[in-house]
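These are the residues of each chain, in order.
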Amino acid sequence: HVFYTMGAQNSRKNVEAAILAYFTEFKGSDNCVYMLYLFGDNKNEINTNVSQTVDYIKNGLKLDYYPKIIVSAGHITDENVHLSHGAGDTYVCTSHGESWCFPLFTAFLYSNNILTTPCAGQKEYITNEACFIKSEQSPVIGMLNVPRHLYRGDADWYNPQVSDLKKKMRDCYNNGKVIAS
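Owing to the predicted nature of the structure, the values given are computational and were not obtained by experimental measurement.

A. How the structure looks around the packing of aromatic side chains. The tally for this structure, following the rule as stated, stands at nine aromatic pairs. Here Phe3 and Tyr22 contribute two aromatic rings whose centre-to-centre distance is 6.1 Å and whose plane-to-plane angle is 65°, an arrangement assigned as edge-to-face. Of this pair, Phe3 sits in strand β1 (residues 2-8) while Tyr22 sits in helix α1 (residues 15-25); the two residues are 19 residues apart in sequence, bridging distant segments of the chain. You can call Phe3 buried: its relative accessible area is 0%. The exposure class assigned to Tyr22 is buried, which follows from its relative accessible area of 0%. Where Phe3 meets Phe26, the ring centres are 5.4 Å apart and the plane angle is 45°; that geometry is what we call tilted. Linking Phe3 in strand β1 with Phe26 in the loop between α1 and β2 (33-39), this pair joins segments that are 23 residues apart in sequence. One exposure class covers both Phe3 and Phe26, and it is buried. Ring pairs connect the aromatic residues Phe3, Tyr22, Phe23, Phe26, Tyr34, Tyr66 and Tyr173, which therefore count as one cluster. In this arrangement the basic side chain of Lys58 is found over the ring face of Tyr66, its NZ or CZ atom lying 5.1 Å from the centre.

B. Broad picture of empty space enclosed by the protein. Tallied over the full model, the rule gives two cavities of 30 Å³ or more. When its volume is computed, the largest cavity comes out at roughly 60 Å³. Residue lining of the largest cavity: Thr5, Met6, Lys13, Val15, Tyr91, Val92, Cys93, Thr94, Ser95, Glu98 and Cys101, and that is the complete set. Per element, the largest residue contribution to the lining of the largest cavity is three residues, and it comes from strand β4 (residues 90-93). A volume near 30 Å³ is recorded for the second largest cavity. Lining the second largest cavity we find Ala8, Gln9, Asn10, Lys13, Asn14, Val15 and Glu16. Looking at the lining of the second largest cavity residue by residue, the classes come out as two nonpolar, three polar and two charged.

C. The arrangement of the sheet that holds β4 in detail. Taken together, the five strands give an open sheet; going across it, the order is β3-β2-β1-β4-β5, and neighbouring strands pair in parallel fashion. Here the strands that pair on one side only, and so sit at the sheet edges, are β3 (68-73) and β5 (113-116). This sheet shows a mean twist of 20° between the axes of neighbouring strands, independent of strand direction. Running over the sheet, α1 touches β1, β2, β3 and β4 and is turned about 170° from β2.

D. Seen up close, the nonpolar core. Of all hydrophobic cores here, the largest spans 23 residues; its most connected members are Phe3, Ile19, Tyr22, Tyr34 and Met169. Looking at this core, the elements with two or more residues in it are α1, β2, α2 (43-61) and α6 (162-175). Among the elements that make up this core, the one with the highest residue count is α1 (six residues). Those residues within four positions of Met169 in sequence are excluded, and the remaining contacts are Phe3, Ala21, Tyr22, Phe26, Val92 and Leu115. Among the nonpolar cores identified, the runner-up in size contains 18 residues, and Val33, Ala107, Ile114 and Phe132 belong to it.

E. Representation of α6 within the structure. The terminal C-alpha atoms of α6, which comprises 14 residues, lie 20 Å apart, in line with the 20 Å expected from a rise of 1.5 Å per residue. By the burial criterion, the buried members of α6 are Asp164, Leu165, Lys168, Met169, Arg170 and Cys172. Structurally, α6 contributes buried residues whose contacts are with β1, α1, β4 and β5. A positive phi of about 75° marks Gly176, the residue just after α6.

Procedures and definitions
Residues numbered from 1 in each chain as written. Predicted model: local features only at pLDDT ≥ 70, side-chain atom pairs only at ≥ 80, totals over all residues. Heavy atoms only, no water. Phe/Tyr/Trp six-rings, centres within 6.5 Å; stacked < 30°, edge-to-face > 60°. Helix = DSSP H or I, 4+ residues; strand = E, 2+ residues; numbered from the N terminus. Buried < 20%, exposed > 50% of the residue type's maximum accessible area, 1.4 Å probe, protein only. Lys NZ or Arg CZ within 6 Å of the ring centre and 35° of its normal. 1 Å grid on protein atoms, 1.4 Å probe; cavity = no way out; pocket = protein on both sides within 12 Å on 5 of 7 lines; lining within 4 Å. Points joined across faces, edges and corners; volume = space filled by probe spheres on them. Nonpolar A, V, L, I, M, F, W, Y, C, P; charged D, E, K, R; others polar. Pairing = 2+ DSSP bridges. Axes fitted to C-alpha atoms, helices over the stretch in contact; angles between N-to-C directions. Contact = heavy atoms within 4.5 Å. Core = buried A, V, L, I, M, F, W, Y, C linked by side-chain atoms within 4.5 Å. Expected span 1.5 Å × (residues − 1).

In structure tokens:
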């Protein structure tokens, strides 16, 4: 089973929640992989940041096993985007907030399973409530290096429940394509 995420590497995308859920729900013996496709101009910086994040989570969990995870960083071509959706089974979006989430919409068009926080644009085209990860709203924090009028603490964003995401990921793994909307 191929779980996958595409997007920019920043705190709003919250890939840490998806990695945590994946590492604690699956073992190295499970026939699955998590593919992270992270966009950005500085491939080396993205790889370093993601490697540090993965190491931080592993060191914190202290487990004897981890399922496979593959990171692709930098520029991704349109052809590779479509190849990724074609190879993927379940698109995972643990973002704190999205206006549209084009990769998720594309996964939807490929009839892949979709697991996402219930924020903004996704609610416009996803009608199956099973796709939405239970989430709580809290003040925006941590979005540095963006214009001051964006991502302020007087707005809220979504924090997905890792326990609910784990259950939904396991359901997708066990039952195949069951959650596509």
